[in-house]
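# Notes for the structure review
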Amino acid sequence: MSPPLILALPDFVSNSYFPAIAALQLGEFERAGLHVELRTVFPAPACYTALRDGQVDLVAGSAHLPLTALDDWTDMKLLCALSQGMYWFLVMRADLGTTRGDVSAVKGRRIIAAPGIDLGFQQLLVSAGIDAERDDVRIVRLPDKLRGDDSFGVAAARACVAGFADGFWANGMAAAVAVASGDAAVVLDVRRGDGPSDTFSFTAPTLAARTSWVEANPVAAAAAVRAINHTHARLRADPELAFEVAQPWFPPEEARLITNLVRADLPYYRTALSQAFIDSMQRFAMRLNLTRQIAPYQDVVAGVCVPEWES
């Protein structure tokens, strides 16, 4: 038997990259002829360093983050979207009395965010006219001692509720854990219209691979996308499958929350990467000084995978 394909993702206990986990757990990768194993690599940019260096074969992560490992798309390609839109939430402690959609609530506050993920938050602030230095918005890291064995997002939620910070910028699972405690409230959910309108297309969860791997394995690349499409279809038909998928990977509390999170994400379960999105994502990357120019669409997207989108 050939060695497995190693698929890296920054967090298991999250809805962000859940279609990739579900494709494995529901047997869709296997049905597509692929032997895949999952590996967590944290923080998120380290996934793409591992991909660049050949330590992993595929990455489920943010569309813009390949540019943290390479300054162009020469040897990195996006195969498909795992879902559409920037997928992080701003959540703040309930005792602060924040209002849903009020970006200015971050002024004078400490906000937890992970490396790489914080880039979306930083540029959201810019789009909202908030200057982090002038307005005293402090992005803080979560100390290892507070994270323990938890996923980053869940640990950030619990640290925030415990008073380590005023809020956090993280995935939907983290938001759900914090809100379920009764001690936190969602301020921004970008996917559902909160915050500046341009932020939805800053990034999205995607499946990525090295260009050289795609060229050497076009059938496998297309099969990976087909597996994600079939997974989307199965979750749309029966969202309760999400709990079955999560049980081997998630702690009990988070496993109980995943079905509602997936059900809310179903409208965004599409694998296509539009020209408009790719251009917007690259403009976002330019604002971050991750790249100097917008590359042609065909340099960013693996062409062999395009016919598999929505198939």
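Everything below is about the structure printed above this text.
The sections below set out a description of the structure shown in this document. This structure is a prediction, so every number in the text was calculated from the model and none was measured.

The subject of this paragraph is the overall build of the chain. Each helix and strand in the chain was counted, giving 13 helices and 10 strands. Computed over C-alpha atoms, the radius of gyration of the chain comes to 18 Å, within 12% of the 19 Å expected from 2.2 N^0.38 for 311 residues, which places it in the range of a compact globule. Over its C-alpha atoms, taken along the principal directions, the chain stretches across nearly 55 × 45 × 35 Å. Counting every position in the chain, which comprises 311 residues, the buried fraction comes to 58%. Within the chain, contacts between residues separated by at least 24 positions form 76% of all contacts whose residues are at least 6 apart in sequence. For the chain, the computed accessible surface area is about 12100 Å², with 49% contributed by carbon and sulfur atoms. When the 27 basic and 35 acidic side-chain charges of the chain are each reduced to a single mean position, those positions are 2 Å apart.

So, on to the packing of helix α7 (residues 172–180) against helix α11 (residues 252–265). Look at α7 against α11: their axes get within 10 Å of each other, and the N-to-C directions meet at 115°. For the element pair α7 / α11, the angle class is roughly perpendicular. The chirality of how α7 crosses α11 is right-handed. Across the interface between the two elements, Gly172, Met173, Ala176 and Val177 from α7 touch Glu253, Glu254, Leu257, Ile258 and Leu261 from α11.

Time to look at helix α1 (residues 18–25). The element α1 is largely enclosed, with a buried count of six among its eight residues. Downstream of α1 by one or two residues, Gly27 has phi in the positive range, about 80°.

Moving on, we get to empty space enclosed by the protein. In this structure the tally under the stated criterion is one cavity of 30 Å³ or more. As a volume, the largest cavity reaches approximately 140 Å³. Asp11, Trp88, Ile117, Phe152 and Asn171 are, among the 14 residues lining the largest cavity, the residues nearest its centre. Where the lining of the largest cavity is concerned, the elements lending two or more residues are α6 (152–161) and β8 (167–170). Looking at the lining of the largest cavity residue by residue, the classes come out as 10 nonpolar, three polar and one charged.

The subject of this paragraph is the sheet that holds strand β5 (residues 89–93). Read across the sheet, five strands follow the order β7-β6-β8-β5-β9 without closing on themselves; strand pairing throughout is mixed. Strands at the two margins of the open sheet, each flanked by one partner only, are β7 (138–140) and β9 (184–189). Geometrically, the sheet is characterised by an average inter-axis angle of 30° between neighbouring strands, direction not taken into account. Note that β5 and β9 share five bridges and pair antiparallel. Across the sheet, the residue bridging to Leu90 is Leu188, located in β9.

Let's shift gears to the environment of Ala222. Assignment of secondary structure puts Ala222 in helix α9 (residues 218–237). On the basis of relative accessible area, Ala222 is assigned to the buried category, the value being 8%.

The subject of this paragraph is the pattern of salt bridges. It is possible for side chains of opposite charge to pair when their charged atoms get near one another. Under the counting rule described, the total for this entry stands at 17 salt bridges. For Arg52, the salt bridge is made with Asp53, and the minimal N-O distance between the two is 2.9 Å. By relative accessible area, which is 43% here, Asp53 ends up partly exposed. Of the charged contacts, one joins Arg93 and Asp166 as a salt bridge, the two residues approaching to 3.0 Å between their closest N and O atoms. Taken together, the positions of Arg93 in strand β5 and Asp166 in the loop between α6 and β8 put the pair 73 residues apart, joining distant regions of the chain. One connected set of salt bridges, linked through shared partners, spans Asp189, Arg191, Arg192 and Asp265.

Evaluation of the coordinates by the stated rule reveals nine aromatic pairs. Measuring from centroid to centroid gives 6.4 Å for Phe200 and Tyr268, while their planes differ by 45°, and the two rings are tilted. Of this pair, Phe200 sits in the loop between β9 and β10 (205–209) while Tyr268 sits in the loop between α11 and α12 (275–287); the two residues are 68 residues apart in sequence, bridging distant segments of the chain. For Tyr268, a relative accessible area of 15% corresponds to the buried category. Following the ring pairs from residue to residue traces out a cluster consisting of Tyr17, Tyr87, Trp88, Phe121 and Trp169. A cation over an aromatic ring shows up here: Arg110 above the ring of Phe164, its NZ or CZ 5.4 Å from the ring centre.

What counts and what doesn't
Residues numbered from 1 in each chain as written. Predicted model: local features only at pLDDT ≥ 70, side-chain atom pairs only at ≥ 80, totals over all residues. Heavy atoms only, no water. Helix = DSSP H or I, 4+ residues; strand = E, 2+ residues; numbered from the N terminus. Rg over C-alpha atoms; globule rule 2.2 N^0.38 Å. Buried < 20%, exposed > 50% of the residue type's maximum accessible area, 1.4 Å probe, protein only. Contact = heavy atoms within 4.5 Å. Areas by Shrake-Rupley, 256 points an atom, 1.4 Å probe, with all protein chains shown as cover. Lys, Arg positive; Asp, Glu negative; His and termini not counted. Charge placed at Lys NZ, Arg CZ, Asp CG, Glu CD. Axes fitted to C-alpha atoms, helices over the stretch in contact; angles between N-to-C directions. Parallel < 35°, antiparallel > 145°, perpendicular 65-115°, else oblique. Left-handed = near helix turned anticlockwise from the far one by under 90°. 1 Å grid on protein atoms, 1.4 Å probe; cavity = no way out; pocket = protein on both sides within 12 Å on 5 of 7 lines; lining within 4 Å. Points joined across faces, edges and corners; volume = space filled by probe spheres on them. Nonpolar A, V, L, I, M, F, W, Y, C, P; charged D, E, K, R; others polar. Pairing = 2+ DSSP bridges. Salt bridge = Lys/Arg side-chain N within 4 Å of Asp/Glu carboxyl O. Phe/Tyr/Trp six-rings, centres within 6.5 Å; stacked < 30°, edge-to-face > 60°. Lys NZ or Arg CZ within 6 Å of the ring centre and 35° of its normal.

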